[in-house]
Amino acid sequence: MTPITEVDGHRLALSNLDKVLYPETGFTKGELLHYYATTADALLPHLRDRPVSFLRYPDGPDGQVFFAKNVPPGTPDWVTTAEVPRSEGPARMVLVQDLASLMWAANLVTEFHTHQWVIQEPGTADRLVFDLDPGPPASVVECCEVALWLRERLAEDGIEAYAKTSGSKGLHLLAAVHPTASEQVSEYAKELAVAAERALPRLAVHRMTKSLRPGKVFVDWSQNAARKTTATPYTLRARPQPTVSAPVTWEEVEECRSPRQLTFLAPDIAPRLQDYGDLLAPLFETTDAAQLP
């Protein structure tokens, strides 16, 4: 029998709680739901008002994995949805605004991916993002070197950057910016990616071309485009282990000498939140948001 749980006045049927989703560690769907419930206070502000794309993996990372942007069939009527403009025509997407919606979405077994803009101003970014993606044999260690260069370069323009792991192989840099057209943010991010390649020619590349990427870090500036999304802070990822896209300190970035140092699993996050709080909380300080040069 599927247990029924009430969350903030909404009844949820939470299914298959004993199902092992991550065979490498034995991490179950019940543990996944517990992770999202206990991380909600930190996660929800990063989801709120941002249309969510779901990467679903109901049978675990080794099963079928599919990306969904439209409102999933069977979505309860109490889950907030909104019409989102797209070049191919408007679509209706989910907004995860509260704990009940988060638990409903988590029950579908999802990664959460969000835009750099909020639904009130689609296509007007309040975030700048760089996705640092290492080409083997490079790893997150090389990503950290590029991140430190970008941090200093952004600081020259009065922009304070914050780091999180991608939850996969790389690193993400985020910064709050004064609301700016996504096209303009993308242009600025590309300029810095090109500058990183010039400054670090043996380490960084700004183009996606696969032949250019072995042993280098691809500085992906394109996720600033209005249509693109990036893994939300604190989301679990569809990887062999229940890795998390986890905020990290700059000291951790500076001291990284092995990928293991910046690999965080679901059980690691509660202690980190207790020690650090949400390291990305400054992104919500709108009075400090930077104007792009």
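Novice: I keep staring at the overall build of the protein and nothing clicks. Help me out?
Specialist: The number of helices and strands found in the protein is 6 helices and 16 strands. Its C-alpha radius of gyration of 19 Å places the protein within 12% of the 19 Å reference for a compact globule of 293 residues. Counting only C-alpha atoms and orienting by the principal axes, one finds that the protein spans roughly 60 × 40 × 40 Å. In the protein, buried positions account for 54% of the 293 residues. For the protein, contacts bridging at least 24 residues in sequence account for 68% of all contacts bridging at least 6. Roughly 13,400 Å² of accessible area belongs to the protein as shown, and the carbon and sulfur atoms make up 49% of that amount.

Novice: I tried to follow the sheet that holds strand S12 (residues 171-181) on my own but got confused; where do I start?
Specialist: To summarise the sheet geometry, strands pair through backbone hydrogen bonds and adopt either a parallel or an antiparallel arrangement. Spatial strand order, S13-S14-S10-S12-S11-S16: 6 strands in an open sheet with mixed pairing. Single-partner strands in this sheet number two, and they are strand S13 (204-205) and strand S16 (247-248). Contacting strand S10 (124-134), S12, S13 and strand S14 (217-220), helix H3 (residues 140-156) runs over the sheet at an angle of about 145° to S10. Where helix H4 (residues 182-199) meets the sheet, it contacts S10, S12, S13 and S14, and its direction lies at approximately 30° from that of S10.

Novice: I'm lost on the nonpolar core in this one. Help?
Specialist: Generally speaking, soluble globular proteins have nonpolar side chains that are buried together. By size, the foremost hydrophobic cluster in this structure holds 74 residues, and its most contacted members are Leu-32, Tyr-36, Phe-130, Leu-132 and Leu-236. For this core, the element with the most residues is helix H1 (residues 29-47), which contributes 9 residues. The contacts of Leu-236, once residues within four sequence positions are left out, are Tyr-22, Phe-27, Leu-32, Tyr-35, Tyr-36, Tyr-57, Glu-111, Pro-242, Thr-243, Val-244 and Ala-266.

Criteria and cut-off values
- Residues numbered from 1 in each chain as written.
- Predicted model: local features only at pLDDT ≥ 70, side-chain atom pairs only at ≥ 80, totals over all residues.
- Heavy atoms only, no water.
- Helix = DSSP H or I, 4+ residues; strand = E, 2+ residues; numbered from the N terminus.
- Rg over C-alpha atoms; globule rule 2.2 N^0.38 Å.
- Buried < 20%, exposed > 50% of the residue type's maximum accessible area, 1.4 Å probe, protein only.
- Contact = heavy atoms within 4.5 Å.
- Areas by Shrake-Rupley, 256 points an atom, 1.4 Å probe, with all protein chains shown as cover.
- Pairing = 2+ DSSP bridges.
- Axes fitted to C-alpha atoms, helices over the stretch in contact; angles between N-to-C directions.
- Core = buried A, V, L, I, M, F, W, Y, C linked by side-chain atoms within 4.5 Å.

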